[in-house]
Amino acid sequence: VELHVVADSVMSGSARFADYVFPVAQFFEKTDVVGRYLWNPYAMYQEKATEPLYECKSDFDIQKMLAKAMGVGESYWDMTDDEYLELWLDTDMARSIGITLDALKEKKSLKYISTDYVHGDYEKGEFPFVHLGL
């Protein structure tokens, strides 16, 4: 590997041997919409509780800085956190079930998939498969 770059919030084993480490903000230091993992039938609005310490940046801010350094910042990444989240939530599935950034800000979490669909019957060998479409 000629160049090893790591984005992490801790000095992991990979980060110790990296040529460059981008210090990523902790979850409470950034605004986001979360819920794209198994066993969670909710999309949740994650409000920033405090500013990132030292030189830490959110993943989105790191992407914007890299895009700007590569000369494509204004074309693709010139947007606020809220504009990016609105773009990310602009899908047919999200619209069909009423998930918008404004609705998430108001209610803090919205169910996007049936809990019956998320949990399989392990006794019968059924394992859950979650297709979020968000």
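On a predicted model such as this, the values are computed, not experimentally measured, just so you know.

*Asks:* Mind showing me how you'd approach the overall build of the protein chain here?
*Replies:* Regarding its fold elements, the protein chain presents seven helices and five strands. Secondary structure of the protein chain in N-to-C order comes out as β-α-β-β-β-α-α-α-α-α-β-α. Pairs at least 24 apart in sequence give 44% of the contacts found in the protein chain among residues at least 6 apart. Carbon and sulfur atoms make up 54% of the accessible area of the protein chain, which totals about 9,400 Å².

*Asks:* How should the layout of surface pockets be read in this particular structure?
*Replies:* Where empty space is left in the structure can be found by rolling a water-sized probe over the atoms. Of the pockets and cavities examined, the largest pocket occupies roughly 350 Å³. Lining the largest pocket are 20 residues, and of these Thr31, Asp32, Asp59, Phe60 and Tyr84 lie nearest its centre. Elements represented by at least two residues in the lining of the largest pocket include exactly β3 (32–34), α2 (59–69) and α4 (81–88). Broken down by class, the residue content of the lining of the largest pocket amounts to seven nonpolar, four polar and nine charged. Around the second largest pocket sit Phe22, Pro23, Glu55, Lys57, Ile62, Met65 and Leu66, which together line it. Only β2 (20–23) and α2 provide two or more residues apiece to the lining of the second largest pocket. Looking at the lining of the second largest pocket element by element, the count peaks at three residues for α2.

*Asks:* I keep staring at unusual backbone geometry and nothing clicks. Help me out?
*Replies:* Trans peptide bonds make up the majority, and among non-glycine residues the majority have a negative phi. The phi dihedral of Tyr54 falls on the positive side, at around 55°, and the residue is not glycine. Phi angles above zero are rare outside glycine, and Lys108 is one such case at about 75°. Turning to its location among the elements, Lys108 is positioned in the loop between α6 (101–107) and β5 (109–111).

*Asks:* So what exactly am I meant to see when it comes to the environment of Ser9 here?
*Replies:* Checked against the element boundaries, Ser9 lands in the loop between β1 (5–8) and α1 (13–16). Judged by its relative accessible area of 35%, Ser9 falls in the partly exposed class. As a C-alpha pair, Ser9 and Phe27 span 18 residues in sequence and 9.5 Å in three-dimensional space. In this structure, Ser9 is in contact with Val24 and Gln26, ignoring residues within four places of it in sequence.

*Asks:* Is there a simple way to think about the packing of aromatic side chains in this case?
*Replies:* Tallied over the entire structure, the rule returns two aromatic pairs. The interplanar angle of 85° and the centroid separation of 5.3 Å between the aromatic rings of Phe27 and Phe28 together place this pair among those described as edge-to-face. Centroid distance Phe60 to Tyr84: 4.4 Å. Interplanar angle 25°. Geometry classified as stacked. Taken together, the positions of Phe60 in helix α2 and Tyr84 in helix α4 put the pair 24 residues apart, joining distant regions of the chain.

*Asks:* Even after reading the chapter, I still don't get the sheet that holds strand β4 (residues 42–46), so can you show me in this structure?
*Replies:* Sheet strands pair by backbone hydrogen bonding; their relative direction is either parallel or antiparallel. Spatial ordering of the open sheet is given by β3-β4-β5, a layout of three strands whose pairing is antiparallel. Single-partner strands in this sheet number two, and they are β3 and β5. Neighbouring strand axes in the sheet, compared pairwise and without regard to direction, differ in orientation by 15° on average. Inspection of the sheet shows β4 paired to β5 by three bridges, in the antiparallel sense.

Rules and cut-offs
Residues numbered from 1 in each chain as written. Predicted model: local features only at pLDDT ≥ 70, side-chain atom pairs only at ≥ 80, totals over all residues. Heavy atoms only, no water. Helix = DSSP H or I, 4+ residues; strand = E, 2+ residues; numbered from the N terminus. Contact = heavy atoms within 4.5 Å. Areas by Shrake-Rupley, 256 points an atom, 1.4 Å probe, with all protein chains shown as cover. 1 Å grid on protein atoms, 1.4 Å probe; cavity = no way out; pocket = protein on both sides within 12 Å on 5 of 7 lines; lining within 4 Å. Points joined across faces, edges and corners; volume = space filled by probe spheres on them. Nonpolar A, V, L, I, M, F, W, Y, C, P; charged D, E, K, R; others polar. Buried < 20%, exposed > 50% of the residue type's maximum accessible area, 1.4 Å probe, protein only. Phe/Tyr/Trp six-rings, centres within 6.5 Å; stacked < 30°, edge-to-face > 60°. Pairing = 2+ DSSP bridges. Axes fitted to C-alpha atoms, helices over the stretch in contact; angles between N-to-C directions.

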